[in-house]
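# Survey of secondary and tertiary structure
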Amino acid sequence: MKIKYFAWVAEIIDKREEEIKVPDHVTDVNTLINFLCTKDESYEAAFANRKQIKFAINQKLSRSNAKITNNDEVAFFPPMTGG
Amino acid sequence: MKIKYFAWVAEIIDKREEEIKVPDHVTDVNTLINFLCTKDESYEAAFANRKQIKFAINQKLSRSNAKITNNDEVAFFPPMTGG
Amino acid sequence: MYIDVREEDFHVNKELERFENSSKTDAAISLFVGKVRAEENLISLNLDCYPDMAVKEILNIAENAKKKWQINNLTVIHRFGELLPGENIVFVITSSDHRTDCQEATQYIMDYLKNSAPFWKKEIYKDKSMWVEQKVADIEKMERWED
Amino acid sequence: MYIDVREEDFHVNKELERFENSSKTDAAISLFVGKVRAEENLISLNLDCYPDMAVKEILNIAENAKKKWQINNLTVIHRFGELLPGENIVFVITSSDHRTDCQEATQYIMDYLKNSAPFWKKEIYKDKSMWVEQKVADIEKMERWED
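Below is a summary of the structure that appears in this document. This one's a predicted model, so the numbers in the text were calculated from it and none came from an experiment. (Residues numbered from 1 in each chain as written. Chains lettered and ligands numbered in written order. Predicted model: local features only at pLDDT ≥ 70, side-chain atom pairs only at ≥ 80, totals over all residues. Heavy atoms only, no water.)

## Some points on the environment of Ile3(D)
All names here are of chain D. Definition in use: For the purposes of this entry, the term helix denotes a DSSP run of H or I that reaches at least four residues, the term strand denotes a run of E that reaches at least two, and both are numbered from the N terminus. Two residues form a contact once any of their heavy atoms are found within 4.5 Å.
Along the chain, Ile3 falls in strand β1 (residues 2–6). Measuring from C-alpha to C-alpha, the distance between Ile3 and Tyr112 comes to 15 Å, with 109 residues separating the pair along the chain. Those residues in contact with Ile3 that sit more than four places away from it in its chain are Val55, Ile58, Leu59, Ala62 and Val76.

So, in structure tokens, the structure goes:
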């Protein structure tokens, strides 16, 4: 699974992108976040307030219970401030 | 008094501008229109439906009872369609 | 602030460039350009105008826009005379610190130009000609801005 | 329809000219340009971006605008990377037969670009830096368009 991070999420985790093979019990964004938080404190810090984090599956804004597989690209980021 | 006509008002009266010395009883736009209508049928035709006619005194949209004198510039025209 | 009522055409690009050069620190620019619609069989759009009053009235509209919104700079150019299909009629540009101010001000100015600036459009077709009538929808657009 | 998400600057004039050349019969054009505000002590505005998603999302916003209004042509350019005060950020232009369509569509596109396109602004000042936070007022501007 390709995972991307943007803005202050990327700064806290100190990565913009990584390739991870996730275990079978990771089936949606919620379980992916739980899995990432077991890896490293920086993930826990980044995801501490989950309401502030948005996510996209294959470049499309998604809900936290949308299904994901190892073939998907998942991205985590704060609310957008473009324009 | 300088009087200007625009759009179909000018077409019906067949004048874009004229200089007229108006008599003393012409004190506002209403009495001016009455006076003009005694001059020529074309004025009567142009002013037949007074609700369709707007007027400006010295380049400013005005009400029909606003006072005018021989030194003023008065203009008659239909509702505007600019932009 | 620059207001111009004239017969000659203008270059949208050059006017935009001129405006930008005098608004270098403004973060938001909103431009509207209106042209003669290429209706079938339309030969020309003849715009009658009361130029002295038009300049005063556009100035008045612009001042009112500046009272309602934070506007740093503003240009309005309105043509009159015989205009061919596709030719420019009107150019309105405003700049501000935040986007909503200039976007609403440009709309406001256009809405008032339509109904309260002394211009009158006559459409000349191959087989007929007619004065454009003021539209109720246009008046309603103007009135939405009233306090 | 032309959508571009890129680091390099663009020339507002050239983009307008290009747009006009491909919209010659459109009677109404509405343009918005957003630039980096020259705030005191601001060194740069760093725009983080998810480019693949940004292109898709802007396309989606544009398609929705075309469903709501009669739009003939449309260009959106959005930059990312390190932008200096006064530099261009975003360029939105739409054309239509009647003025209200393009003016509202341009506003709509800007309102959605602010809150739903994957860009994130970080302000770099002389003595500090901070990520810009999404504003409730901006979300409300976006939500006014919902049916």
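## Some points on empty space enclosed by the protein
Where we set the bar: A cavity, in this analysis, means grid points on a 1 Å lattice covering only the protein atoms where a 1.4 Å probe fits yet has no way out; a pocket is instead an open set bounded by protein on both sides within 12 Å along at least five of seven lines, and a residue lines either one if it has an atom within 4 Å of a point. Grid points are joined across faces, edges and corners, and a volume is the space filled by probe spheres set on the points. Asp, Glu, Lys and Arg are counted as charged, while Ala, Val, Leu, Ile, Met, Phe, Trp, Tyr, Cys and Pro are counted as nonpolar; the rest, among them Gly, fall into the polar class.
Scanning all chains against the criterion turns up one cavity of 30 Å³ or more. Taken as a whole, the largest cavity holds about 50 Å³ of empty space. Lining the largest cavity, in full, are Ser30(C), Leu31(C), Gln103(C), Thr106(C), Gln107(C), Ser30(D), Leu31(D), Gln103(D), Thr106(D) and Gln107(D). Those elements that provide at least two residues to the lining of the largest cavity are β2 (28–35) and α3 (99–116) of chain C together with β2 (28–35) and α3 (99–116) of chain D. Of the residues assigned to the lining of the largest cavity, the class counts are two nonpolar, eight polar and no charged.

## Let's talk about the pairing of β2(D)
Look at any regular strand and the pattern is simple: side chains alternate between the two faces of the sheet. Residues and elements named next belong to chain D. Spelled out, the test is: A 1.4 Å probe rolled over the protein chains alone gives each residue an accessible area, and that area as a share of the maximum for its type sets the label: buried under 20%, exposed over 50%, partly exposed in between. When DSSP finds two or more bridges between a pair of strands, those strands are recorded as paired.
Counting buried positions along β2 gives eight out of eight residues, so the element sits mostly inside the fold. Residue alternation in β2 divides its side chains into two sets, Ala28, Ser30, Phe32 and Gly34 and Ile29, Leu31, Val33 and Lys35, and both sets are buried. In the sheet, β2 pairs with strand β6 (residues 88–96) via eight bridges, with the strands oriented antiparallel. By the bridge assignment, Lys35 is partnered in β6 with Asn88.

## A few points about the arrangement of the chains
For the three pairs of chains in contact, the maximum contact count is reached by chains C and D. Spatially, chain A and chain B are disjoint, and the shortest separation between their C-alpha atoms is 29 Å. For the non-touching pair chain A and chain C, the nearest C-alpha separation works out to 10 Å.

## Section: the sheet that holds β1(D)
The following threshold applies: Every angle, taken between N-to-C directions, lies between 0 and 180 degrees, and every axis is a line fitted to C-alpha atoms, over only the stretch in contact when it is a helix.
Within the open sheet, the eight strands sit side by side as β1(C)-β4(C)-β6(C)-β2(C)-β2(D)-β6(D)-β4(D)-β1(D). Their pairing is mixed. Two strands close off the open sheet at either side, each with one partner strand: β1 (2–6) of chain C together with β1 of chain D. For this sheet, the mean angle separating the axes of adjacent strands, direction not counted, is 5 degrees. Relative to β6(D), strand β4 (residues 73–79) of chain D runs antiparallel, the two being bridged by six bridges.

## Remarks on the interface of chain D and chain C
Rules: Defined here as a combined quantity, buried area equals the accessible surface (1.4 Å probe) lost by two parts on assembly, summed across both. We define a salt bridge as a side-chain nitrogen of Lys or Arg found within 4 Å of a carboxyl oxygen belonging to Asp or Glu.
Residue-level contacts link 30 residues of chain D with 30 residues of chain C. Both sides together, the interface formed by chain D and chain C hides about 2900 Å², and carbon and sulfur atoms give 45% of it. One can count six salt bridges joining chain D with chain C. Its salt-bridge partner being Glu20(D), residue Lys35(C) comes within 2.5 Å of it at the nearest N-O pair. Counting residues per element, the side of chain D that touches chain C draws most heavily on α3(D), which supplies 10 residues. Class assignment of the residues belonging to the side of chain D that touches chain C gives a composition of 10 nonpolar, eight polar and 12 charged. Sheet topology places β2(C) next to β2(D); seven bridges connect them, and they run antiparallel. By the bridge assignment for β2(D), Ala28(C) is matched with Gly34(D).

## Observations concerning helix α2 (residues 51–68) of chain D
Residue and element names in this part refer to chain D. Where we set the bar: What a helix should span is 1.5 Å times the count of its residues minus one. In this description, the arc belongs to the directions extending from the helix axis to the C-beta atoms.
With 18 residues, α2 extends 26 Å between its outermost C-alpha atoms, agreeing within 8% with the 26 Å of an ideal straight helix rising 1.5 Å per residue. Taken together, the buried positions of α2 are Met53, Ala54, Glu57, Ile58, Ile61, Ala62 and Ala65. Taken end-on, α2 shows its buried residues confined to a sector of 165 degrees, consistent with a single buried face.

## Side note on the environment of Arg50(A)
Residues and elements named next belong to chain A. Rule in force here: Two N or O atoms count as a polar contact when they lie within 3.5 Å, although within protein this holds only if one can serve as hydrogen donor and the other as acceptor, and sequence-adjacent residues are included solely when both atoms are side-chain atoms.
Along the chain, Arg50 falls in the loop between α3 (41–46) and β3 (54–57). Each C-alpha atom, one on Arg50 and one on Glu17, is 19 Å from the other, the two residues being 33 residues apart in sequence. A polar side-chain atom of Arg50 sits 2.3 Å from a polar atom in the side chain of Asn34.

## Considering the relation of the copies chain D and chain C
Which entries qualify depends on this criterion: All copies are superposed by least squares; the fitting set is the C-alpha atoms of residues with a pLDDT of at least 70 in both.
Rotating chain D by 180 degrees and moving it 0.0 Å along the rotation axis overlays it on chain C with an RMSD of 0.0 Å. The transformation just described matches what one would write down for a two-fold rotation axis. Taking C-alpha positions as the reference, the residue of chain D nearest the rotation axis is Leu31(D), at 2.5 Å. Of the residues that chain D buries at the interface, 100% are likewise interface residues in chain C, meaning the two copies contact each other through the same surface.

## Topic: the interface of chain A and chain D
Listed per partner, the contact involves 19 residues of chain A and 24 residues of chain D. When the buried surface of chain A facing chain D is broken down by residue, Met80(A), Thr81(A) and Gly83(A) rank first, second and third, together holding 39% of it. On the surface where chain A and chain D come into contact, there are two salt bridges. A salt bridge links Arg16(A) to Asp48(D), with the nearest nitrogen and oxygen atoms 2.6 Å apart. For the pair chain A and chain D, the interface holds 14 residue pairs in polar contact (both at pLDDT 80 or more). Looking at the side of chain A that touches chain D, the elements with two or more residues in it are α1 (7–13) and β5 (73–77) of chain A. Residue composition of the side of chain A that touches chain D, by class: 10 nonpolar, five polar and four charged.

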